[in-house]
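Fold and contact review
If you want the building blocks of each chain, they are given just below.
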Amino acid sequence: ATETELKAIRDVPKVAFAVSLGGNGLRKTTSGSQTLIYKDVLTNIGQAYNSETGVFTAPVRGVYYIRFTANAPTDFPMSAVLYKNGASIQLIAHEQPSGEGSDTASNGATLLLEQGDTLSMQLWHNTQIWDNSNHHSTFSGFLLFPM
């Protein structure tokens, strides 16, 4: 029984990713939403995050913890919106303009994902997000346990 339990623990997929927009600049949209592609890959255990498309694909059915942060100057609205399977809005970080300086917002949740479900971040119409090499705007997640 102990050997069976140990094998089950060893066979649990390892899934964890942490990425940031990176670069050194502002992303802004005034006509339609756009997918945020996080190019700076800090961790991608299990290779479930695609840095070319900005999409995380759940490799197994399970409960995942997902978190994101957004940073931008406060002279224009900021947003970061989590989409599941390209349509369903799951979580949002949104701030209205508030003067000089910059602002940061974050959100996160535990989500039940089916194998093949996808998660991506979108920048909403008429909003902005900013990042640099200090990784202010991030997207991350990990598998808590398979189901």
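The coordinates are above.
Residues numbered from 1 in each chain as written. Predicted model: local features only at pLDDT ≥ 70, side-chain atom pairs only at ≥ 80, totals over all residues. Heavy atoms only, no water.

Overview of the packing of aromatic side chains
To describe a pair of aromatic rings, one takes the distance between the centres and the angle between the planes. As enumerated under the stated definition, the model contains 7 aromatic pairs in all. Geometrically, the ring pair formed by Phe 17 and Tyr 49 is stacked, given 5.7 Å between the ring centres and 5 degrees between the ring planes. Here Phe 17 is found in strand E1 (residues 16-20), whereas its partner Tyr 49 is found in strand E5 (residues 49-50), with 32 residues between them in sequence. Each member of the pair Phe 17 and Tyr 49 is classed as buried. Pairing Tyr 38 with Phe 139 gives two aromatic rings, centres 5.6 Å apart and planes at 45 degrees, and the pair type is tilted. With Tyr 38 in the loop between strand E3 (34-36) and strand E4 (40-45) and Phe 139 in strand E13 (residues 138-146), this residue pair connects regions lying 101 residues apart in the sequence. Across this residue pair, the class does not change: Tyr 38 and Phe 139 are buried. Members of the aromatic cluster, joined through ring pairs, are Phe 17, Tyr 38, Tyr 49, Phe 56, Tyr 64 and Phe 139. (Phe/Tyr/Trp six-rings, centres within 6.5 Å; stacked < 30°, edge-to-face > 60°. Helix = DSSP H or I, 4+ residues; strand = E, 2+ residues; numbered from the N terminus. Buried < 20%, exposed > 50% of the residue type's maximum accessible area, 1.4 Å probe, protein only.)

Focus on the pattern of salt bridges
Counted according to the given criterion, the structure contains 3 salt bridges. Here Glu 52 ties to Lys 39 by a salt bridge, and the two come within 3.8 Å at their closest N and O atoms. Of the two residues, Glu 52 is situated in the loop between E5 and strand E6 (55-57) and Lys 39 in the loop between E3 and E4; the sequence distance between them amounts to 13 residues. Using a relative accessible area of 58% as the deciding quantity, one classes Glu 52 as exposed. Look at Lys 39 and you get partly exposed, because its relative accessible area is 45%. (Salt bridge = Lys/Arg side-chain N within 4 Å of Asp/Glu carboxyl O.)

Digging into the environment of Glu 114
Of note, Glu 114 is situated in the loop between strand E10 (102-113) and strand E11 (118-123). Each C-alpha atom, one on Glu 114 and one on Arg 61, is 4.2 Å from the other, the two residues being 53 residues apart in sequence. If we ignore the near neighbours within four places in the chain, the residues touching Glu 114 are Ala 58, Val 60 and Arg 61. (Contact = heavy atoms within 4.5 Å.)

The quantities given are spatial measurements derived from coordinates; they are silent on function.
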